[in-house]
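One-letter residues, chain by chain:
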Amino acid sequence: MKKYILSLITVCSCLTFIAQEQNDELQISGNFQVLAQSYNEDSLIRADVPDELMTLNSFANIIARKGNFQAGLRYESYLPSQLGYPTNFKGSGIGYRFASFKDDGIAITVGNFYEQFGNGLTLRSFEDRNLGLENALDGVRVVIEPIKGLTVKGVYGKMRLDFDGRIINSEGFVRGVDGELSLNEAISGWEDKKTKITLGASFVSKFQADDRLDLNLPENVGNYSGRINVIHGNWRMMAEVAEKINDPSADNAFIFNKGTAILGNLTYSQKGFAVSGDVKYIDNYSYRADRALQGIAPFINFMPALTKQHSYMLASQFYAYATQPTGEFAYMGEVSYKFKKDTPLGGKYGTQINLNYSRATGIEKNRTSTEAFLENGVTYESPLFSSNGEVYFSDFNAEIKKKFSKKVKTKFTYFNFIYNNTINQGAPLLTGKQVKGNVYADVFVAEANIKTKSKQNLRIVAQGLRTNQHQGDWVSLVVEYTISPHWNFALLDSYNFGNKIDENQLHYPLGSLAYSEGAHRLSFEYGKRRAGLFCVGGVCRVVPASNGLTLTLTSSF
Amino acid sequence: MKNLVFSLLALFLLSASMGGGSKIPSVKLKDLDGNSVNTAELSNDGKPMVISFWATWCAPCKKELNAIHEVYEDWQDETGVKVIAVSIDDARSATRVKPYVDAQGWEFEVLMDTNGDFKRSLNVNNVPQTFLIDGSGEIVWTHSGFSPGDEYELLEEIEKL
């Protein structure tokens, strides 16, 4: 660790030195966040209280930039981490440090970096500090542009799996190469063509020693893909097909099947109208830096969930979906339309509608013969794009956005969910026990924004959730008043009035106050939160119930 | 070890206090037509630019850009400002960006920061975060979060330039 800090200091001092040598200025920038939470006992909502009574999640990033050079680090503190935050974040120390050099046609990074190949089916090292997702690579990355329109990336390193006052990387290695070619930029005379074509291919390999005496495990596991993007006028098409060799792991119960992943999208859009369709097929595609790990441990790759990401509480924190890496067939369709101003449905300001439907099911798995299994360890075969009909998740939602006057804007949304909790395990009861089988739920949301003065706004959101399963019916009301540019006050109550057990028909009141100034924001929240899903950008984790005060300070400079 | 970190911090802050305003860092992004764009080369012929980070799943981000969209023509006439909407949607929702932009009828230049490189290099904690860049390419103002009415504050800042 000291070695790293010293080398960083050297790099930084060099940067400072160069800054004095030339007139090209050294630029320092950064950001930080402090999230402190205190916890109260609350036996009604079964709130957890940590032994320390308080938790602290905090980090600061600093980047120094000078001409073509850049160096940076992040100091992280989890003392201890917020309840429900993944357990691979502990202690205080440097969790990320890098130095990079960039010039025409070449960029080199040493230390930690985040990278994604294509849609991430082969590789995505990524961070989301709110959620507690972090799998930075630690090693070397080289990006070159040998000819115009062609970008080649090479990465070689270990992947961050854990943090305990210092980075704890995977034992094995991850290395990969990716090429992307824009035909319109590479071929002269194609610049202004109406059709734009981009091709890409990637190959990633992970190495981990075979530590099992009972199995003959592959130590190097390759994962490769090809992709194409075509844009033609108002049309656009994207497809990526990936395959991975046998990768026995805890996720797939150490079977020797190969893996397949396919993503496709077709979109037509013009001003005021858009329609799009997506399809996805995943078979045995879990790809981790350590084959023995499961659960919160990071993947090397990313398998996007094909569902719309919602932001209203009752639609986003109850029945949200994540891809099932062992096998899934999914599709999604969406239509958006804007009724123009001064038409019967458009009214004075126009009316916007959006319809979206998505569905994910299991895939067909035909068992192989015993002889075949004994010969190569392959347990089943799955025809491409096959579905076994078992619904994992479905979501239909319809949204109407309507502005009534200069002062009043409204939005109405309806959602219908089918959530297979035997598969998804995101619908716990107060006791913590997961409900079995499907949850069928309807959610209704009405939002109004009323401009009370030129820089003041009242926002009211009324939400209702109706279901016969899980915890029964809920209502929620948010009242938020903002005085731009500094103040934000909000009151929220969620009420589980339809719980079948009378004593569990509980209220979850929460109040918040925030002050912003430029890129600095300080907020306080006090109240109760239910156990459930906490989601950012469509990735979710389960958080326990809590009752207490939360202070958040974020800033960038 | 803590001492080391703090001295490093002090070193940084000291250098920061000596430095001037900051320029847009260089990151290679793609626009919605698949063309490569180097963020350091973004310009608006000496007129101000607004860079706003957003995502299709972020309600306040969409409120902010829709609020600007309603008055964008007036702003352009008055100040010549150009708005660049940088989407941080990842592989999960990146294909939803173009349909959303078109359905809303936005006239902004839209860039895709799928890997979050530009977001990280400008130290954006959470979206939305909006930057104002003056005619010489210096970042002169930034604001994170959005409350209705914040667009007027942005306009006041643009008019100061």
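What counts as what
Along each chain, numbering runs from 1 in the same order as the chain's sequence is written. All chains are assigned letters beginning with A, and all ligands numbers beginning with 1, in the order in which they are written. Only residues with pLDDT of at least 70 get local features here, since the model is predicted, and only at 80 or more are side-chain atom pairs given and counted; chain-wide, interface and lining totals rely on the full set of residues. To qualify as a helix, a DSSP run of H or I must reach at least 4 residues; to qualify as a strand, a run of E must reach at least 2; elements of each kind are numbered from the N terminus. Remark: C-beta atoms are placed from the backbone, and a residue is labelled buried if 20 or more other C-beta atoms sit within 10 Å of its own, exposed if 12 or fewer do, or partly exposed between those counts. Here, residue contact means that the backbone-derived C-beta atoms of the two residues sit within 7 Å. Strands qualify as paired when DSSP identifies two bridges or more between them. Axes, fitted as lines to C-alpha atoms, cover a helix only where it is in contact. Angles between the N-to-C directions of the axes lie from 0 to 180 degrees. Buried Ala, Val, Leu, Ile, Met, Phe, Trp, Tyr and Cys residues form a nonpolar core when they are connected through C-beta atoms within 7 Å. The labels follow the angle: roughly parallel below 35 degrees, roughly antiparallel above 145, roughly perpendicular from 65 to 115, and oblique for the rest. The hand of a helix crossing depends on one turn: near helix anticlockwise from the far one by less than a right angle means left-handed, and clockwise means right-handed. Amino acids outside the nonpolar list (Ala, Val, Leu, Ile, Met, Phe, Trp, Tyr, Cys, Pro) and the charged list (Asp, Glu, Lys, Arg) are all regarded as polar, and Gly is one of them.

Participant: Help me understand the overall build of chain B, please; the structure alone is not making it clear to me.
Facilitator: For chain B, the helix and strand inventory stands at 5 helices and 8 strands. The secondary structure elements of chain B, listed N-terminal to C-terminal, are α-β-β-β-β-α-β-α-β-α-β-β-α. Within the span of chain B, comprising 161 residues, buried residues form 50% of the whole. For chain B, restricting intrachain contacts to residue pairs at least 6 apart in sequence, the fraction spanning at least 24 positions comes to 69%.

Participant: Would you explain the sheet that holds strand E6 (residues 109-112) of chain B in this entry?
Facilitator: The strands making up a sheet associate through backbone hydrogen bonding, with each pair oriented either parallel or antiparallel. All names here are of chain B. With mixed pairing, 8 strands are arranged side by side in an open sheet as E1-E8-E7-E4-E5-E6-E2-E3. The open sheet terminates on both sides in strands that have one partner only, identified here as strand E1 (22-23) and strand E3 (36-38). Both strand E7 (residues 129-133) and strand E8 (residues 138-144) contribute to a ladder of 5 bridges, which runs antiparallel. Following the sheet pairing, Thr130 is matched in E8 by His143. Each of strand E4 (49-54) and strand E5 (82-87) touches helix H2 (residues 59-79); the most contacted strand, E4, lies at about 150° to it.

Participant: Looking at this structure, how should I read the pairing of strand E23 (residues 438-453) of chain A?
Facilitator: In regular strands, side chains alternate between the two faces of the sheet. All names here are of chain A. In this structure, strand E22 (residues 408-420) lies alongside E23, joined through 13 bridges in antiparallel fashion. Each residue of the ladder has a partner; that of Ile418, found in E23, is Tyr440. With 12 bridges joining them, E23 and strand E24 (residues 456-467) adopt antiparallel strand pairing. The residue bridging Ala446 from the neighbouring strand is Ala462, located in E24. Taking the residues that link successive antiparallel strands as the turn, the E23-E24 hairpin has 2 residues.

Participant: How do you make sense of the nonpolar core when you look at a structure like this?
Facilitator: The nonpolar side chains of a soluble globular protein tend to be buried, and buried together. Counting 106 residues, the largest nonpolar core has Ile300(A), Tyr319(A), Val50(B), Trp54(B), Ile84(B), Val86(B) and Val127(B) as its most contacted members. The biggest single contributor to this core is E4(B), with 5 residues. When residues no more than four places from it in sequence are discounted, the contact partners of Trp54(B) are Cys61(B), Lys62(B), Leu65(B), Ala85(B), Ser87(B), Val127(B) and Pro128(B). Within the second largest apolar cluster, 5 residues are counted, among which are Tyr78(A), Tyr85(A), Phe89(A) and Ile167(A).

Participant: What should I look at first to understand the environment of Ser205(A) in this one?
Facilitator: Residues and elements named next belong to chain A. With respect to the helices and strands, Ser205 occurs in strand E12 (residues 195-207). Take Ser205: there are 16 C-beta atoms within 10 Å of it, and that puts it in the partly exposed class. For Ser205 and Ile245, which are 40 residues apart along the polypeptide, the C-alpha to C-alpha distance reads 10.0 Å. Aside from chain neighbours lying at most four places away, what touches Ser205 is Arg175, Gly176, Asn220, Val221 and Gly222.

Participant: Help me understand the packing of H2(B) against helix H5 (residues 150-160) of chain B, please; the structure alone is not making it clear to me.
Facilitator: Two numbers describe a pair of packed helices, the interaxial angle and the distance between the axes. All names here are of chain B. The geometry of H2 relative to H5 is characterised by a closest axis approach of 10 Å and an angle of 25° between their N-to-C directions. Taken together, the axis directions place H2 and H5 in an arrangement best described as roughly parallel. Viewed along their axes, H2 and H5 form a crossing whose handedness is right-handed. Across the interface between the two elements, Glu64, Ala67, Ile68, Val71, Trp75 and Thr79 of H2 pack against Asp150, Glu151, Leu155, Ile158 and Glu159 of H5. In the contact of H2 with H5, the residues fall into 6 nonpolar, 1 polar and 4 charged.

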